[in-house]
Amino acid sequence: MVTWMENGICAPVGFQAAGIHCGIRRNRSKKDLALIYSSVMCTAASTYTLNKVKGAPIAVTKRHLQDGHAQAIICNSGNANTCNANGEEIANRMCELCAQELNLNAEDIIVASTGVIGEPLSITPFEKHMQELVSALDVKGGSDACEGIMTTDTFKKQFAVTFTLQGRVCHIGGMAKGSGMIHPNMATMLAFLTTDVAISAELLDAVVHEVVADTFNMVSVDGDTSTNDMLSILANGLAKNPEICERNEDYEAFKQALMEICVEISRNIAKDGEGATKLLTCRVASAKDTKTAKAIAKSVVTSSLFKAAMFGRDANWGRILCAIGYAEGDFDIHKVDVTLASKAGRMLVCKDGAGCGFDEEEALCILSESEIDILIDMKQGSAQATAWGCDLTYDYVKINGDYRT
């Protein structure tokens, strides 16, 4: 059983975090550098964006995680360190500076950056403020660290859960940034997770990829797959549970807890989409297979026409059916039912692939809520999938029209 708790990334035993302003961002009131640190070495795993253009920190982190271990994560916001000739040199130097202050090896640090692409990144802010960052480490520093990785986010995304494994109390903490340039392909945002569970590096990597496939890879804000972002997890074993070295009951319990926190983070990334006013959750049921169910769910939440209709509170179910129709998979569109739902009620708008008539005023009421569910019954099997997205608004264009300036 999973119980939600406070303290985010620092909820697991042995973790501290910090966030400061080091001068990368012009606005001095906004933190732009974050650090997560474990008191002991951790098993570690990451997933990465599939964009062919990748930020320099990804290349460095991949090398550092070849042995499946790390002890700290450093991340800056305001500059993506992407498409820079000296990008890897800067990312390596960030790790070296941090390692000197923490008395670690640079290879035991995960590095990440987020922000504007193609802007030179100076090492000077890191040289001047690394000691300040490390000195700020605290068991209550999760909120500052979360702020340090934000870009156009409008609120902090930080969560924690507790559960037991063979009588030992365990924890998972998580934080993320993500508002724009979000589209399924992992990672399309930054997410950092910590846990005090003891688990082998091989199985940690496996469970992370399994969970990501059903959570972060099912999120889309604008259809743009990011160049930089990733999900990284540190597991320090301080819960003292018997180490998970095989796919047993403990593995499944840990996976379930990780799934719950990743679902919540994913929902909040979609909810905080740039300019968004509505969280859209598309649930596909009774599909022939999981691959088809996922393709349909993602097709709906990525449809610009449908997203615009949700902003306008227009129950234009034809756009949903259109998005289903161009999804990959073998299915009969003439068996599909579509229902729109929110806390204001639910309404069947399409039955067996055709309109069934509905009250427009009632539909307007349902679509006026901030969270809308799109329920698709394929009636052709037992597979299901869920995807999260948001509406497309005028403010999305305003935000991205002058993002760099």
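Just so it is clear, the model here is predicted, and its values are computed rather than measured.

*Asks:* Can you break down the overall build of the protein chain residue by residue, with the values?
*Replies:* Assigned secondary structure in the protein chain consists of 11 helices and 15 strands. A compact globule built from 405 residues would reach a C-alpha radius of gyration of about 22 Å, and the protein chain, at 22 Å, matches this within 12%. Overall size of the protein chain, expressed as C-alpha extent along the three principal axes, is 65 × 55 × 35 Å. Split into buried and exposed, the 405 residues of the protein chain put 57% on the buried side. In the protein chain, the share of contacts with a sequence separation of at least 24, taken over all contacts with a separation of at least 6, comes to 81%. For the protein chain, the exposed surface amounts to about 16400 Å²; the carbon and sulfur share of it is 47%. Side chains of the protein chain carry 37 positive and 51 negative charges; the gap between the two charge centres is 3 Å.

*Asks:* Tell me about the side chain of D108, residues and numbers included.
*Replies:* Take D108: it is sitting in the loop between α2 (87–102) and β5 (109–116). Buried D108, no salt bridge; nearest opposite-charge side chain is R63, N-O distance 13 Å. Setting aside chain neighbours within four positions, we find D108 in contact with M41, D67, H69, A70, Q71 and A72.

*Asks:* Lay out the packing of aromatic side chains in plain terms, naming residues and giving numbers.
*Replies:* For any two aromatic rings, the description comes down to two numbers: the centre-to-centre distance and the angle of the planes. Enumeration according to the criterion identifies three aromatic pairs in this entry. Seen from their ring centres, F163 and F254 are 6.5 Å apart, and the 40 degrees between their planes marks the pair as tilted. Highlighted residues: F163 in strand β6 (residues 157–165) and F254 in helix α6 (residues 249–271), separated in sequence by 91 residues. Take F163 and F254: they sit in the same class, and that class is buried. With a centroid separation of 5.2 Å and 90 degrees between ring planes, the pair formed by F311 and Y394 is classed as edge-to-face. In this pair, F311 sits in helix α8 (residues 304–311) while Y394 sits in helix α11 (residues 394–401), placing the two residues 83 residues apart along the sequence. With a relative accessible area of 27%, F311 lands in the partly exposed category. On the accessibility criterion, Y394 (62% relative accessible area) is exposed.

*Asks:* Run through the domain arrangement of the protein chain, naming residues and quoting values.
*Replies:* Taken domain by domain, the protein chain holds domain 1 (1–268) and domain 2 (277–400). Here the C-alpha centroids of domain 1 and domain 2 sit 32 Å apart. With 16 residues of domain 1 in contact, the opposing surface of domain 2 contributes 16 residues. Considering only the surface of domain 1 that becomes buried against domain 2, M218, S220 and R267 emerge as the three largest contributors, covering 53% of it. At the boundary of domain 1 and domain 2, one finds two salt bridges. For D214, the salt bridge identified is with K294, shortest N-O distance 2.7 Å. For the pair domain 1 and domain 2, the interface holds five residue pairs in polar contact (both at pLDDT 80 or more). Counting residues per element, the ones that place at least two in the side of domain 1 that touches domain 2 are α5 (201–214) and α6.

*Asks:* So what's going on with a negative patch on the surface? Which residues, and what values?
*Replies:* On the surface, a cluster of negative charge is contributed by D314, D359, E360, E361 and E362. Tracing the chain through its elements places E362 in helix α10 (residues 360–367).

*Asks:* I'd like to hear about the pattern of salt bridges, residue by residue, with values.
*Replies:* If you walk through the whole model with that rule in mind, you get 19 salt bridges. We note a salt bridge from E88 to R63, for which the minimum N-O separation is 3.0 Å. Placement of E88 in helix α2 and of R63 in helix α1 (residues 56–64) is noted, with a sequence separation of 25 residues between them. Via salt bridges that share partners, K31, D144, E147 and K156 belong to a single interconnected network.

*Asks:* So what about unusual backbone geometry? Which residues, and what values?
*Replies:* With a phi close to 50 degrees, Q166 is a non-glycine residue in the positive phi region. Its location among the elements puts Q166 in the loop between β6 and β7 (168–177). Relative accessible area serves as the criterion here: at 56%, Q166 is assigned to the exposed category. One non-glycine residue, K379, lies in positive phi territory at about 55 degrees.

*Asks:* If you had to explain the state of the cysteines to someone new, which residues and values would you point to?
*Replies:* Working definition of a disulfide: a covalent bond connecting the sulfur atoms of two cysteines. Evaluated as defined, the whole model comprises zero disulfides. We note that C146 lacks a disulfide partner, and the nearest cysteine sulfur, in C75, lies 11 Å from it. Cysteine C245 remains unbridged, with the sulfur of C170 as its closest cysteine sulfur at 14 Å.

*Asks:* Let's hear about the nonpolar core: which residues, and what values?
*Replies:* Ranked by size, the top nonpolar core spans 76 residues in total, and within it L258, I324, V338, I374 and I376 carry the most contacts. The element best represented in this core is α6, accounting for 10 residues. Looking at this core, you find at least three residues from each of domain 1 (1–268) and domain 2 (277–400). Setting aside chain neighbours within four positions, we find I324 in contact with I296, S299, V300, F331, I333, V336, V338 and I376. Grouped together as the second largest cluster of nonpolar side chains are 29 residues, A18, A72, L97 and A99 included.

*Asks:* Please give an account of α2 that cites residues and values.
*Replies:* Over its 16 residues, α2 runs 23 Å from end to end, which matches the ideal 22 Å to within 8%, given 1.5 Å per residue. Looking at α2, one finds that the buried residues are G87, I90, A91, M94, C95, L97, C98, A99 and L102. Among the structural elements, β3 (33–48), α1, β4 (69–79), β5 and α3 (124–135) are those in contact with the buried residues of α2.

What counts and how
- Residues numbered from 1 in each chain as written.
- Predicted model: local features only at pLDDT ≥ 70, side-chain atom pairs only at ≥ 80, totals over all residues.
- Heavy atoms only, no water.
- Helix = DSSP H or I, 4+ residues; strand = E, 2+ residues; numbered from the N terminus.
- Rg over C-alpha atoms; globule rule 2.2 N^0.38 Å.
- Buried < 20%, exposed > 50% of the residue type's maximum accessible area, 1.4 Å probe, protein only.
- Contact = heavy atoms within 4.5 Å.
- Areas by Shrake-Rupley, 256 points an atom, 1.4 Å probe, with all protein chains shown as cover.
- Lys, Arg positive; Asp, Glu negative; His and termini not counted.
- Charge placed at Lys NZ, Arg CZ, Asp CG, Glu CD.
- Salt bridge = Lys/Arg side-chain N within 4 Å of Asp/Glu carboxyl O.
- Phe/Tyr/Trp six-rings, centres within 6.5 Å; stacked < 30°, edge-to-face > 60°.
- Domains from an automatic or database assignment.
- Buried area = accessible area lost by both parts, 1.4 Å probe.
- Polar contact = N/O pair within 3.5 Å; in protein donor to acceptor, adjacent residues only side chain to side chain.
- Patch = residues over 30% accessible without salt bridge, like charges linked within 9 Å, V, L, I, M, F, W, Y side chains within 5 Å.
- Disulfide = S-S within 2.5 Å.
- Core = buried A, V, L, I, M, F, W, Y, C linked by side-chain atoms within 4.5 Å.
- Expected span 1.5 Å × (residues − 1).

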